[in-house]
Amino acid sequence: MIKKSQKEEVAYFMRRLYDQRLTTTSGGNVSLRVGDKILITPSQTDKGRILREDIGVLDLEGNNLTPSLKPSMETKMHLAIYKRRKDVSAIVHAHPVYATGFCISKKEIKTNLAGEAWAVIGKPIKADYQLMGTIELANVVAEASLKGNVILLENHGILAVGSNLLQAFDRLEVTEAAAKMTFITHFLGNNRELSDMELNAIERLFDIK
């Protein structure tokens, strides 16, 4: 049974992405797994004003249970991840400027500069470029998701998964913060990266496996 509050949560986190300037009016998508159903943001909708009434419902095979709504063009990508990652209940995909810039430049986002980044996202996983909205992109990203919870899509954007929407959103937001830190400290110079011993201590503190 889909609750109105669950649809509102999906709409809220899409609006939050836009409000935090992590995506554009037309960019990004958010989904939530509820039992054997998927709630997902629609295509061609103002992401800054999206409401729960705009959230579509699909089954795990991609059948649209809300035919009056057009689901996100990246629906295949979301479904492919849910099928491979039974532990994932939420996906957030967006195009934050700094992190996406690293996806384009092929430079590494350093997550070992500050403890929060390592604790929240660890090491991001890269996925090779494929045309947006295609099954090829869906398969490449879904396979990458087996290796980590934050995926850097080459020449495209960032995708984060989680057990809930807040965790997925947090991972994407922290990735953008880590990208900014990497960019800024490159110009400041004299960087101090956390050592393997210090990173291991963070993992033990947060029971990261």
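Structure's up top.
Please read these numbers as outputs of a predicted model, since none were measured by experiment.

*Asks:* So what exactly am I meant to see when it comes to the overall build of the chain here?
*Replies:* The secondary structure content of the chain amounts to 7 helices and 7 strands. Listed N to C, the secondary structure of the chain is α-β-β-β-α-β-α-α-β-α-β-β-α-α in terms of helices and strands. Taking 2.2 N^0.38 as the reference for a compact globule, 209 residues should give roughly 17 Å; the C-alpha atoms of the chain span a radius of gyration of 17 Å, in line with that estimate. Along the first, second and third principal axes, the C-alpha set of the chain runs to 55 × 30 × 30 Å. Put simply, the chain has 209 residues, and 48% of those count as buried. A separation threshold of at least 6 residues defines the contact pool for the chain, and within that pool the share at least 24 residues apart is 64%.

*Asks:* Explain the sheet that holds strand 6 (residues 150-153) to me, please; I cannot follow it from the model alone.
*Replies:* Sheets are built from strands paired through backbone hydrogen bonds, the pairs being either parallel or antiparallel. Spatial strand order, 3-2-1-4-7-6-5: 7 strands in an open sheet with mixed pairing. Each end of this open sheet is capped by a strand with a single partner; those strands are strand 3 (56-59) and strand 5 (125-127). On average, each strand axis in the sheet is tilted by 20° relative to the strand beside it, whichever way the strands run. Taken strand by strand, helix 5 (residues 135-144) contacts strand 5, strand 6 and strand 7 (157-162), and its axis lies near 165° from that of strand 5. Along the sheet, helix 6 (residues 165-188) makes contact with strand 1 (29-34), strand 4 (90-94), strand 6 and strand 7, crossing strand 7 at roughly 145°.

*Asks:* Sorry, what's going on with the pattern of salt bridges here?
*Replies:* A side chain with one charge can pair with a side chain of the opposite charge if their charged atoms come near. In this structure the tally under the stated criterion is 10 salt bridges. Between Lys37 and Asp36 there is a salt bridge, and its shortest N-O distance comes to 3.0 Å. In this structure, the salt-bridge partner of Arg84 is Glu143, at a minimum N-O distance of 2.8 Å. With Arg84 in helix 2 (residues 75-84) and Glu143 in helix 5, this residue pair connects regions lying 59 residues apart in the sequence. Looking at Arg84, the relative accessible area reads 32%, which means it is partly exposed.

*Asks:* Whenever I open this one, the packing of helix 1 (residues 4-19) against helix 6 confuses me. Can you help?
*Replies:* When two helices pack together, their arrangement is given by the angle between the helix axes and by the axis-to-axis distance. Viewed as axis vectors pointing N to C, helix 1 and helix 6 meet at an angle of 15°, and their least axial separation amounts to 11 Å. As judged from the angle between their axes, helix 1 and helix 6 are roughly parallel. Helix-helix and strand crossings are classified by hand; for helix 1 and helix 6 the assignment is right-handed. Residue-level contacts link Glu9, Val10, Phe13, Arg16 and Leu17 of helix 1 to Leu165, Leu166, Phe169 and Leu172 of helix 6. Its residues placed into classes, the contact of helix 1 with helix 6 shows 7 nonpolar, no polar and 2 charged.

About the criteria used
Residues numbered from 1 in each chain as written. Predicted model: local features only at pLDDT ≥ 70, side-chain atom pairs only at ≥ 80, totals over all residues. Heavy atoms only, no water. Helix = DSSP H or I, 4+ residues; strand = E, 2+ residues; numbered from the N terminus. Rg over C-alpha atoms; globule rule 2.2 N^0.38 Å. Buried < 20%, exposed > 50% of the residue type's maximum accessible area, 1.4 Å probe, protein only. Contact = heavy atoms within 4.5 Å. Pairing = 2+ DSSP bridges. Axes fitted to C-alpha atoms, helices over the stretch in contact; angles between N-to-C directions. Salt bridge = Lys/Arg side-chain N within 4 Å of Asp/Glu carboxyl O. Parallel < 35°, antiparallel > 145°, perpendicular 65-115°, else oblique. Left-handed = near helix turned anticlockwise from the far one by under 90°. Nonpolar A, V, L, I, M, F, W, Y, C, P; charged D, E, K, R; others polar.

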